[in-house]
Amino acid sequence: MYFGLSEEQKSLEENIQRFLSDNASLDIIKAVANGDEDKAKEVHKGIIELGLSGLIVPEEYGGLELNMLFATVVSAALGSGTAPVPFAGSYIMSPMAINLAGNAEQKNNWLPKIAGGEVQVGVGISEYVGAREDAGIEFTNGKVSGRSLFVIDGKGADAYILANKSGELYLIDSNNSGIEVVELTTVDKTRTSIELILNDVDAEFLEGSKDKAIIEKVLDAGRLMLAADTVGAAQVMLDKSVAYSLERKQFGRLIGSFQAVKHMCAEMAADLEPCHSMIWHAAHCQDNVPEEARLMACQTKAHISEVGKQVSKTATEVHGGMGFTDELGLHYWFKRIGLNRQLLGSPELVREEAGKLQGFDQ
Amino acid sequence: MDLEYGPQYDNFRAEVINFVKENENTKLTGPARSESRVAWQQKLIDHGYFARSIPKEYGGYGGDMDIIKLRIIAEEFAKSPIPKPAGGQGIQMLVPTLLSLGTEEQKQKYIKPTLRGEILWCQGYSEPNSGSDLASLQTKAELDGDEWVINGQKIWTSTAHLSQMCFILVRTEPDAPKHQGISYLLMPMDAEGIDRRPIKQMTGDSDFNELFLTDVRIPAENIVGKRGEGWKVANATLGHERGSLADPNVTQNRLNSLIDLMKSETIDGQRVIDKPIFRDRLLSIQGRLMAQQSNALRILSSQINEDQDANLSKSIVKLQGTELRHELEGLAIDAMGELGTLYEDSPHLRDEGAWQMTYMYFLGLIIGGGTNQIQKNIISERALGMPKEPKIQGA
Ligand SMILES: Cc1cc2nc3c(=O)[nH]c(=O)nc-3n(C[C@H](O)[C@H](O)[C@H](O)COP(=O)(O)OP(=O)(O)OC[C@H]3O[C@@H](n4cnc5c(N)ncnc54)[C@H](O)[C@@H]3O)c2cc1C
Ligand SMILES: Cc1cc2nc3c(=O)[nH]c(=O)nc-3n(C[C@H](O)[C@H](O)[C@H](O)COP(=O)(O)OP(=O)(O)OC[C@H]3O[C@@H](n4cnc5c(N)ncnc54)[C@H](O)[C@@H]3O)c2cc1C
């Protein structure tokens, strides 16, 4: 019995963190947030060179064929650096959807290109989770119409995978006619977000998604990526808080010597430490314990969103007025955690699902 | 990541399952130390299901220290109504202390009857003026010939009314700095000069006591460790207590009962669990518990794999576990509304009043065993490396 990360997983995590500290410093994050798309592309290119685009793609299609535990390790590392790159949608959810639900031709067409970093496929399933503004798509006679909001990793994508209300998945080439892309500006400027408005657009059905288990698996994976990203980001906020409290003096003392500050840090640590174990455990269940996988994924997304919210607030407070500034940049982590919390279901929504999974409504 | 215990444990688990099945209808009768309870403890020891790694010569089973086997025993016992092995301060704290720091005679004399449940122990640490600041304790002991003479007062001594022995911290070196002047003694509770007064708790029970100690004489050899080393001796086992106060597996059982309760209680004919806000609170608690269970797996793993560090994971268990348990019990009361306030033998009482009782009891555990504020000091200082509390002149 060994509960924890392997040497291989730890070294992957360190590699990504090292790459980000060398290539995505706070100055670069700020430049990207202020609209420098070239810098974002460079970082994106770098993570492709690290192999992250092929992380879960099967070896026969040129990927590394690694499991969910590896994927959460990567996502946490990206969150810790507020990496301005697409990941959860383009390199986890979409290859998973195509691999599980696509036919041979679709797999051959897309998976090697995803793995090689040649294409990016965005994922729009918000309406399956809970449609806002009555958005949603309909598929008839090979064509899709409607609207999809918050398509993950959709900006600049070569294709999109969208879900209808019953969870069936459609693959749409972004060059097809009838597509309007509306850029959405969220608080988190380290990642992009779009809305798609579709009018009779040619679409391919991913046949396997008739089985609802497919979208559930894709959704679980997406939620775990977001939760892992939050854990990575929250850990950095805690570490920065402790470090700052051991530099900053007031009243002739390090603020870290005031019990109020110590207890804020202890509470963050007490809430956050179990979240590392929880995300590993949830990923392990996705990989090996199907009967516990769904509930674990829902509860992990919900719980970690709550802890992330608390940690990001408290850490900002420990930094005093500096925490509130753009200069310090702590807000990039705060906002990253804020977006992760809402994507693919806020905690209340996801808990409702967790209740249904356990038959609480019966 | 590997959560399997391995096929080499399959036979062992089968043996345990078999034992549990054969004995699940065992009923223990009589008070603590009754013949049937002692016989049951002994039976568990003989099979290696209790005191497994404690040497035979001290009354244990004499098996190897195999964490996974201990875990399998705990898992299989937890699934069944079979009587569980006895616990208490003697088994949890005194026995490990004696095993690592006691003299050969002390081990011979005390461990076996403690394991068998023939000697019960209480913990004489806290004093009226020394609670969180335990090291400031003032109860003193002086050596007079071959006897210690103890004078002072202890308070909050749980189970003192049931115990035959007390492991007690006393000041023996009044001139030494406070942490270096304490000794750890073993005091028979039938010694002359012990005046025990029960303290009634908010729950209505009287589980703890005050001990007034006047010229209590005990043999000089009843000291564990050297004179002045009592603080170190006591600290060697405080961790055992804290870890055991809020076991997430026990909390899981309570959560299951809470779910049943929320399915059976109704408001205007609607099940409480169908009310979205109640259901959401339930699910939030479940999420927190799942995180703590994952944390417990990490701790377990660090005990099996020595290269794994789980220091921070361990240091938060008491804080997080007791708070969660208190909230869980409190949600049950809210789910019952006015009915949740019923107590003692009232009509309409649910589950023998256990929810209110445990709700209050866990507030006691938030305070006992090192308050949760002290836990936060420990987490920030020892795990996060933040500065220690400043020393106040003259304190
Ligand atoms: C939105 C905003 C508007 C502001 N507007 C103005 C303005 O118009 N004019 C102006 O002069 N100032 C202004 N300020 C500054 C504000 O008053 C300070 O930020 C605040 O007093 C905290 O000081 P600090 O930022 O130096 O943090 P610090 O004092 O360094 O505090 C850092 C952390 O340590 C904690 N801490 C510090 N000392 C203690 C202690 N003794 N005990 C326990 N904890 C302690 C703090 O609570 C905090 O969590 C503004 C700040 C903000 C955020
Ligand atoms: C149910 C129960 C069973 C117990 N059983 C036993 C037993 O068997 N044997 C035994 O010896 N003792 C026992 N105790 C005593 C227990 O260990 C003490 O109650 C506990 O250590 C707190 O001490 P105190 O009650 O003197 O509170 P105090 O130390 O006076 O604390 C009062 C408040 O001040 C806070 N405080 C104190 N110091 C600090 C600090 N440095 N920083 C921040 N906050 C601080 C505390 O957190 C608390 O909120 C038991 C207590 C309870 C409730």
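Residues numbered from 1 in each chain as written. Chains lettered and ligands numbered in written order. Predicted model: local features only at pLDDT ≥ 70, side-chain atom pairs only at ≥ 80, totals over all residues. Heavy atoms only, no water.

**Details of the interface of chain A and chain B**
- Residue-level contacts link 42 residues of chain A with 48 residues of chain B.
- In total, about 4,000 Å² of surface goes out of reach between chain A and chain B, with carbon and sulfur atoms giving 62% of it.
- The largest contributions to the chain A side of the interface with chain B come from Met-1, Tyr-2 and Phe-360 of chain A, which together make up 22% of the buried area.
- Residue Lys-262 of chain A pairs with Glu-389 of chain B through a salt bridge whose shortest N-O separation is 2.6 Å.
- The interface formed by chain A and chain B includes 23 residue pairs in polar contact (both at pLDDT 80 or more).
- Put simply, the parts of the chain that give the side of chain A that touches chain B at least two residues each are helix H8 (212-245), helix H9 (259-288), helix H10 (290-318) and helix H13 (347-357) of chain A.
- At 18 residues, the largest contribution of residues to the side of chain A that touches chain B is made by H9 of chain A.
- Looking at the side of chain A that touches chain B residue by residue, the class counts come to 18 nonpolar, 15 polar and nine charged. (Contact = heavy atoms within 4.5 Å. Buried area = accessible area lost by both parts, 1.4 Å probe. Salt bridge = Lys/Arg side-chain N within 4 Å of Asp/Glu carboxyl O. Polar contact = N/O pair within 3.5 Å; in protein donor to acceptor, adjacent residues only side chain to side chain. Helix = DSSP H or I, 4+ residues; strand = E, 2+ residues; numbered from the N terminus. Nonpolar A, V, L, I, M, F, W, Y, C, P; charged D, E, K, R; others polar.)

**Focus: the site of ligand 1**
Residues and elements named next belong to chain A.
- In the vicinity of ligand 1 lie 13 residues, with Arg-248, Phe-251, Glu-317, Val-318 and Gly-321 positioned nearest.
- Contact between ligand 1 and Arg-248: an oxygen atom at 2.5 Å from a side-chain N or O atom of the residue.
- Within the backbone of Glu-317, one N or O atom sits 2.8 Å away from an oxygen atom of ligand 1.
- Contact with the protein chains hides 42% of the accessible area of ligand 1, taken as 970 Å² for the molecule alone. (Near = heavy atom within 4 Å. Areas by Shrake-Rupley, 256 points an atom, 1.4 Å probe, with all protein chains shown as cover.)

**As for a negative patch on the surface**
Residue and element names in this part refer to chain B.
- Side chains of Glu-57, Glu-104, Glu-105, Asp-146 and Glu-221 sit close together on the surface and give a patch of like negative charge.
- Within the element layout of this structure, Asp-146 appears in the loop between strand S2 (140-144) and strand S3 (147-158).
- Using a relative accessible area of 59% as the deciding quantity, one classes Asp-146 as exposed. (Patch = residues over 30% accessible without salt bridge, like charges linked within 9 Å, V, L, I, M, F, W, Y side chains within 5 Å. Lys, Arg positive; Asp, Glu negative; His and termini not counted. Charge placed at Lys NZ, Arg CZ, Asp CG, Glu CD. Buried < 20%, exposed > 50% of the residue type's maximum accessible area, 1.4 Å probe, protein only.)

**Section: the pattern of salt bridges**
- Inspection of the entire model under this criterion finds 41 salt bridges over all chains.
- Put simply, Arg-271 of chain B and Asp-274 of chain B hold a salt bridge, and the shortest N to O gap is 3.0 Å.
- We classify Arg-271 of chain B as buried; its relative accessible area is 18%.
- Under the relative-accessibility criterion, Asp-274 of chain B is labelled partly exposed at 25%.
- Within this structure, Glu-216, Asp-220, Arg-223, Arg-294 and Glu-353 of chain A form a network of salt bridges that share partners.

**As for the site of ligand 2**
- Of all residues adjacent to ligand 2, which total 19 residues, the nearest are Ser-126, Ser-132, Trp-156, Ser-158 and Thr-371 of chain B.
- One finds residues of chains A and B in close proximity to ligand 2.
- Within the side chain of Gln-89 of chain B, a nitrogen or oxygen atom sits 3.1 Å from an oxygen atom of ligand 2.
- Counting only elements with at least two residues in the shell around ligand 2, the list comes to S3, helix H11 (354-367) and helix H12 (372-383) of chain B.

**Regarding the confidence of the model for chain B**
- Model confidence for chain B is summarised by a mean pLDDT of 95, while 98% of its residues fall at 70 or above.
- Overall fold confidence (pTM) sits at 0.96, and the ipTM for the predicted complex is 0.97. (pLDDT = per-residue confidence, 0-100.)

**Structural notes on the nonpolar core**
- In terms of nonpolar packing, the biggest core is built from 185 residues, with Leu-78 of chain A together with Tyr-184, Leu-186 and Leu-258 of chain B touching the most fellow members.
- For this core, the element with the highest residue contribution is H8 of chain A, accounting for 18 residues.
- Excluding its chain neighbours within four sequence positions, the residues that come into contact with Leu-258 of chain B are Leu-282, Leu-328, Leu-331, Ala-332 and Trp-355 of chain B.
- Listed in part, the 18 residues of the second largest apolar core include Cys-122, Trp-148, Val-170 and Ala-191 of chain B. (Core = buried A, V, L, I, M, F, W, Y, C linked by side-chain atoms within 4.5 Å.)

**Digging into the environment of His-284 of chain A**
Residues and elements named next belong to chain A.
- With respect to the helices, strands and loops of the structure, His-284 is situated in helix H9.
- The class of His-284 is buried, set by a relative accessible area of 8%.
- Along the backbone, His-284 and Leu-198 are 86 residues apart, and their C-alpha atoms lie at a distance of 38 Å.

**Some thoughts on helix H5 (residues 104-115) of chain B**
All names here are of chain B.
- Over its twelve residues, H5 extends 17 Å from the first C-alpha to the last, a length consistent with the 16 Å expected when each residue adds 1.5 Å.
- Regarding H5, the residues found buried are Gln-106, Lys-107, Tyr-110, Ile-111, Pro-113, Thr-114 and Leu-115.
- Close packing links the buried residues of H5 with helix H2 (35-47), helix H4 (89-101), strand S1 (121-124), strand S4 (165-171), strand S5 (182-188) and strand S8 (223-224).
- Just downstream of H5 lies Gly-117, where phi reads positive at about 80 degrees. (Expected span 1.5 Å × (residues − 1).)

**Side note on empty space enclosed by the protein**
Residue and element names in this part refer to chain A.
- Applying the stated rule across the entire model yields three cavities of 30 Å³ or more.
- Counted as a void, the largest cavity has a volume near 170 Å³.
- In terms of lining residues, the largest cavity is bounded by 19 residues, among which Ala-88, Ile-152, Asp-153, Arg-191 and Leu-226 are the most central.
- Among the elements of the structure, helix H4 (68-80), helix H5 (88-101), strand S3 (143-152), H8 and helix H12 (330-342) are those that each provide at least two residues to the lining of the largest cavity.
- In terms of residue count, H8 provides more of the lining of the largest cavity than any other element does, three residues in total.
- Among the residues forming the lining of the largest cavity, the class breakdown is eleven nonpolar, four polar and four charged. (1 Å grid on protein atoms, 1.4 Å probe; cavity = no way out; pocket = protein on both sides within 12 Å on 5 of 7 lines; lining within 4 Å. Points joined across faces, edges and corners; volume = space filled by probe spheres on them.)

**Here we look at helix H3 (residues 37-49) of chain A**
All names here are of chain A.
- Along its 13 residues, H3 runs 18 Å from first to last C-alpha, staying within 8% of the 18 Å computed at 1.5 Å per residue.
- Of the surrounding elements, those touching the buried residues of H3 are helix H1 (7-23), helix H2 (26-33), H4 and H5.
- Taking the backbone nitrogen of Asp-38 as reference, a side-chain oxygen 3.2 Å away marks Asp-36 as the first, capping residue of H3.
- Gly-51 occupies a position one or two residues after H3 and carries a positive phi of about 95 degrees.

**Quick notes on the packing of aromatic side chains**
- Throughout the structure, instances matching the rule amount to 15 aromatic pairs over all chains.
- Taking the centre distance of 5.9 Å and the plane angle of 15 degrees together, the rings of Phe-167 of chain B and Tyr-184 of chain B count as stacked. Residue Phe-167 of chain B is located in strand S4, and its partner Tyr-184 of chain B is located in strand S5; the two are separated by 17 residues in the primary sequence. Here Phe-167 of chain B matches Tyr-184 of chain B in class, with each residue buried.
- Joined through ring pairs, the aromatic side chains of Tyr-110, Trp-121, Tyr-125, Phe-167 and Tyr-184 of chain B make up one cluster.
- One residue, Lys-240 of chain A, lies across the ring of Trp-333 of chain A, its end atom 4.7 Å from the ring centre.
- Over the ring of Tyr-61 of chain B we find Lys-56 of chain B, and its NZ or CZ is 5.8 Å from the ring centre. (Phe/Tyr/Trp six-rings, centres within 6.5 Å; stacked < 30°, edge-to-face > 60°. Lys NZ or Arg CZ within 6 Å of the ring centre and 35° of its normal.)

**Topic: the pairing of S3 of chain B**
Residue and element names in this part refer to chain B.
- Where S2 and S3 come together, five bridges link them in antiparallel fashion. Within S3, the residue paired with Leu-143 across the bridge is Trp-148.
- Between S2 and the antiparallel strand that follows it, S3, lie two residues; Gly-145 among them carries a positive phi value of about 65 degrees.
- Bridging between S3 and strand S7 (residues 208-219) involves ten bridges; their strand directions are antiparallel. Residue pairing for S7: Val-149 is matched across the bridge by Arg-217. (Pairing = 2+ DSSP bridges.)

**Structural notes on the packing of helix H3 (residues 67-78) of chain B against helix H8 (residues 276-304) of chain B**
Residues and elements named next belong to chain B.
- Relative orientation of the contacting elements H3 and H8 amounts to 140 degrees, with a least axis distance of 9 Å. Two secondary-structure elements touch here, H3 through Ile-67, Ile-68 and Arg-71 and H8 through Leu-297, Leu-300, Gln-303 and Ile-304.
- In terms of residue class, the contact of H3 with H8 is built from five nonpolar, one polar and one charged. (Axes fitted to C-alpha atoms, helices over the stretch in contact; angles between N-to-C directions.)

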